[in-house]
Amino acid sequence: KAGVTQTPRYLIKTRGQQVTLSCSPISGHRSVSWYQQTPGQGLQFLFEYFSETQRNKGNFPGRFSGRQFSNSRSEMNVSTLELGDSALYLCASSSGLANTGELFFGEGSRLTVL
Amino acid sequence: SQQGEEDPQALSIQEGENATMNCSYKTSINNLQWYRQNSGRGLVHLILIRSNEREKHSGRLRVTLDTSKKSSSLLITASRAADTASYFCATDAGDDYKLSFGAGTTVTVRA
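Keep in mind that what you see is a predicted model, and the values were worked out from it rather than measured. (Residues numbered from 1 in each chain as written. Chains lettered and ligands numbered in written order. Predicted model: local features only at pLDDT ≥ 70, side-chain atom pairs only at ≥ 80, totals over all residues. Heavy atoms only, no water.)

Looking now at the overall build of chain B. What chain B contains, in helices and strands, is zero helices and 11 strands. When the helices and strands of chain B are read in sequence order from the N terminus, they spell out β-β-β-β-β-β-β-β-β-β-β. Against the compact-globule benchmark of 13 Å for 111 residues, chain B has a radius of gyration of 13 Å, which places it among compact chains. Projected onto the principal axes, the alpha-carbon positions of chain B cover approximately 45 × 30 × 20 Å. A burial count over chain B gives 46% of its 111 residues as buried. The contacts of chain B with a sequence gap of at least 6 include a subset with a gap of at least 24, amounting to 53%. (Helix = DSSP H or I, 4+ residues; strand = E, 2+ residues; numbered from the N terminus. Rg over C-alpha atoms; globule rule 2.2 N^0.38 Å. Buried < 20%, exposed > 50% of the residue type's maximum accessible area, 1.4 Å probe, protein only. Contact = heavy atoms within 4.5 Å.)

Structure representation (structure tokens):
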């Protein structure tokens, strides 16, 4: 069974630009969660989607948005990038049927904002 | 804000020794999970312990949970160089479909 796939793995952007990250969950998983990881703040929850519906959102500004498609693939978008958005963005999938069980993480997308 | 705090922040041990790390959290939980992260990579799930369980084993891993103290510990026995990684506890606190992660413990196993 293929794991969680995140693309791109690495990207460099400049302040003010926008970025879209993609996540393909494990086949059959309907829940996709996104986390931001930085040295200073650690792992912070961004949002969770299940069957194309956002069920929860973390404390991030409106510049951070996401969506989920009917095939469970998910994208997150960050607009008007700031230096502080430099981070490892991790996507995780699960069946979503239990409240929160084991999460299966992708390798992450490392974003550098210059 | 993070739910959990981990102690110690870093740990260096000799191969073959045991490694113990602790996690404290603030609110009631449904379950607590431990994950491992190798440098700059994704997280790998190690073990999940439910709030009504006190101890769980998986291979060389032993996890305890004390809900009265709101704390958990992860013991890795007979450590190997491949155990070098960061270890995170994560709590599921309710019907909010998210995990709250601790800051992590960085474990270095010396050959």
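There is more to say, and it comes next.
This part is about the environment of Tyr 25 of chain B. Residue and element names in this part refer to chain B. Relative to the helices and strands, Tyr 25 is located in the loop between β3 (19-24) and β4 (31-37). Of the residues examined, Tyr 25 reaches a relative accessible area of 6% and is grouped as buried. Taking C-alpha positions, Tyr 25 is 19 Å from His 45, a pair spaced 20 residues apart along the chain.

Right, let's talk about the pairing of strand β7 (residues 61-66) of chain B for a bit. Residues and elements named next belong to chain B. Here strand β6 (residues 55-58) runs beside β7; their pairing, made up of four bridges, is antiparallel. Of the residues in β7, the one forming a bridge with His 57 is Arg 62. If you look at the hairpin formed by β6 and β7, you'll find two residues sitting between the two strands, and Gly 59 has a positive phi there, around 60°. Bridge count for β7 against strand β8 (residues 71-76) is six bridges, and the pairing is antiparallel. (Pairing = 2+ DSSP bridges.)

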